Amino acid sequence: MESAVRLRAAVTLLGRFPALAGVDLDISPGEIVLLKGPNGAGKTTLLRLCAGLCTLSTGQGWVLGHDLSSERRMVRRRVALLGHRTGLYDDLTVAENVGFWARAAGAGRQDVDEAMERLSLTGRLADTRVARLSAGQRRRASIASLVVRRPELWLLDEPHAGLDQQTRDTVDALVRGAAAAGATVVLATHELERIAVLEPRVVSVVGGVVRGDDPPDSQSPNSPSDAEDDRRVS
Amino acid sequence: MFRDAWLIAGKDLRIEMRSRVGLNQIVPFAVTVLVLFAFALDTDQEALRTYAPGLFWVTVLLASLLAIGRSFAVDLADGAADRLLLSGIDPISVFGGKAAAIAVQLVVLEVLLGAGVVLLFDVTVHRYGLLVCAGLAAAAGVATAGTLYGALVAGLGVRETLLPLLLLPVVAPVLIGATRAFQDAFGVAGAEGWAWLGLLAGFAAIYGVFGALSYGALLEEA
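Only a predicted model underlies this, so the values are computations on that prediction, with no experimental measurement involved.

Assigned secondary structure in chain B consists of nine helices and zero strands. Starting at the N terminus and ending at the C terminus, chain B contains elements arranged as α-α-α-α-α-α-α-α-α. Over its C-alpha atoms chain B spans a radius of gyration of 17 Å, differing by no more than 12% from the 17 Å that the globule rule assigns to 222 residues. Viewed in the frame of its principal axes, chain B has a C-alpha envelope of about 55 × 35 × 30 Å. Scored against the burial criterion, the 222 residues of chain B give a buried share of 52%.

Structural data, given as structure tokens:
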């Protein structure tokens with residue numbers, strides 16, 4: 001079966017800094033993969049590379065069968081990236097934001113309604129400008145605007161950040177549902193215990209390289225620390 | 001393609017109407033510049049009438065810098081620029097939509113400033129057709145060039161200061177052509193207004209085509 005993500009000696013430079021320094025990684029379709037590692041290890045860059053937002057400096061990569069060097073536009077149409085920023089417009093309402101991104105992806109009104117319902121963004125909240133939302137509500141609206149795209153590869157960077165318990169459960173259900181429907185999910189988070197319930201395959205990212213798979217519940221005492229990656233940056 | 005361009009333009013215009021930045025900041029800025037020109041030259045009413053077309057277009061160009069910068073700032077504020085890349089919308093549509101939204105804002109600005117020029121500078125319009133066509137062509141030229149250069153500097157930390165430095169020399173032909181056309185329309189000089197309108201239309205067409213072709217590459221770098 002063709003890999004959802006296949007990277008070979010992938011190097012991505014941010015300026016002159018090798019944010020990814022030779023990543024080898026295979027992710028199968030339908031897998032839930034947790035990227036584990038200290039701050040600055042390269043998790044976010046790895047997600048952005050898989051989304052087609054970063055360029056391969058050297059090495060090779062394919063996402064959903066598309067070459068990351070020559071077919072990044074094709075990759076982008078089929079993935080969803082939940083990053084640190086929401087991707088929403090402050091002066092539009094929640095419904096307008098979700099509706100805009102839905103129409104951009106060719107989704108219909110029904111998709112918008114379903115996504116809003118799923119993320120509890122109905123009623124007055126739907127007609128509230130994003131600028132007036134709390135951080136958690138913004139995050140929910142951001143996720144809803146991705147759900148409408150029905151992506152084949154979910155790339156989630158700290159998906160639980162700023163969410164209350166109920167919405168965290170909703171996100172977990174979303175991840176499970178996406179994987180059950182055949183989509184691939186790659187998450188980067190420090191909340192390892194929380195993610196363990198999703199039974200993901202755990203991949204350690206350290207110093208811009210993938211160090212291999214870990215048991216899901218491992219928090220090894222030898223785990224690399226932020227200090228190690230700080231030394232790499234300096 | 002047109003559906004997506006319409007989607008982008010509609011989104012940008014809705015944001016501007018909601019935020020009222022254009023109404024509360026850009027228009028007052030432009031009116032202030034126009035009034036300052038009037039104060040500087042008010043002892044010589046004849047000079048005001050003669051130079052009104054040039055002063056009008058200098059004011060429009062300065063205000064357009066704010067509108068163009070704002071158009072890209074809303075996309076950069078919370079990561080929407082990345083989402084646009086991931087949306088699958090053709091870059092040509094993004095270019096067309098953003099340029100159309102900026103052009104609409106400039107036309108509104110031109111109408112308001114035009115009324116200000118008539119009132120403050122005591123000019124009389126002799127050729128309305130030429131005035132309208134030149135205003136539309138100049139708005140299209142500034143919007144297309146501005147969208148192109150706005151994307152070029154969007155990813156840079158110094159975009160606010162770099163945009164005027166790059167864009168103003170490029171749109172100098174618009175300033176010259178539109179000023180000459182307006183001189184003819186106001187009857188303050190014997191310029192060949194319709195010929196200058198041709199220059200404006202040509203400029204808009206060149207930057208429209210050039211922008212549409214190169215916008216995808218610019219978005220990748222932004």
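Attention now moves to the overall build of chain A. Looking only at helices and strands, chain A has eight helices and 10 strands in total. A globule of 234 residues ought to have a C-alpha radius of gyration of about 17 Å, and chain A, at 18 Å, matches this closely. Across its three principal axes, chain A shows a C-alpha extent of roughly 50 × 40 × 35 Å. Across the 234 residues that make up chain A, the buried fraction comes to 54%. A sequence separation of at least 24 residues applies to 69% of the contacts in chain A between residues at least 6 apart. As displayed, chain A offers around 10200 Å² of accessible surface, 47% of which is attributable to carbon and sulfur atoms.

Another point: the packing of aromatic side chains. Scanning all chains against the criterion turns up 10 aromatic pairs over all chains. Geometrically, the ring pair formed by Phe100 of chain A and Trp101 of chain A is edge-to-face, given 4.8 Å between the ring centres and 70° between the ring planes. Of the two residues, Phe100 of chain A and Trp101 of chain A, neither departs from the other in class, the shared state being buried. Ring centres of Phe56 of chain B and Phe182 of chain B lie 5.2 Å apart, and the angle between their planes is 20°; this geometry places the pair in the stacked category. Highlighted residues: Phe56 of chain B in helix α3 (residues 45-76) and Phe182 of chain B in helix α8 (residues 172-186), separated in sequence by 126 residues. Of the aromatic side chains, those joined through ring pairs into one cluster are Phe56, Trp57, Phe182 and Phe186 of chain B. The ring of Phe72 of chain B has Lys98 of chain B sitting right over it, with the charged end atom 5.3 Å from the ring centre. Sitting over the ring of Trp196 of chain B, Arg180 of chain B keeps its end group 5.8 Å from the ring centre.

Below, the discussion takes up the sheet that holds strand β5 (residues 66-67) of chain A. The strands that make up a sheet are held in pairs by hydrogen bonds between backbone atoms, and each pair lies either parallel or antiparallel. Residues and elements named next belong to chain A. Judged by pairing direction, the sheet is antiparallel, and its four strands sit side by side in the order β2-β1-β4-β5 without closing on themselves. Each edge of the open sheet carries a strand with a single partner, namely β2 (17-27) and β5. Summarising the sheet, strand β4 (residues 58-63) and β5 pair through two bridges and their orientation is antiparallel. Residue pairing in the sheet places Val63 in a bridge with His66 of β5.

Here we take up the interface of chain A and chain B. Taken together, the contact between chain A and chain B spans 30 residues of the former and 27 residues of the latter. Counting across the interface, chain A meets chain B through five salt bridges. Its salt-bridge partner being Glu96 of chain A, residue Arg14 of chain B comes within 3.2 Å of it at the nearest N-O pair. Linking chain A with chain B are 15 residue pairs in polar contact (both at pLDDT 80 or more). The greatest single-element share of the side of chain A that touches chain B, amounting to five residues, is contributed by helix α3 (residues 94-104) of chain A. For the side of chain A that touches chain B, the residue count by class is 13 nonpolar, five polar and 12 charged.

Thresholds applied
Residues numbered from 1 in each chain as written. Chains lettered and ligands numbered in written order. Predicted model: local features only at pLDDT ≥ 70, side-chain atom pairs only at ≥ 80, totals over all residues. Heavy atoms only, no water. Helix = DSSP H or I, 4+ residues; strand = E, 2+ residues; numbered from the N terminus. Rg over C-alpha atoms; globule rule 2.2 N^0.38 Å. Buried < 20%, exposed > 50% of the residue type's maximum accessible area, 1.4 Å probe, protein only. Contact = heavy atoms within 4.5 Å. Areas by Shrake-Rupley, 256 points an atom, 1.4 Å probe, with all protein chains shown as cover. Phe/Tyr/Trp six-rings, centres within 6.5 Å; stacked < 30°, edge-to-face > 60°. Lys NZ or Arg CZ within 6 Å of the ring centre and 35° of its normal. Pairing = 2+ DSSP bridges. Salt bridge = Lys/Arg side-chain N within 4 Å of Asp/Glu carboxyl O. Polar contact = N/O pair within 3.5 Å; in protein donor to acceptor, adjacent residues only side chain to side chain. Nonpolar A, V, L, I, M, F, W, Y, C, P; charged D, E, K, R; others polar.

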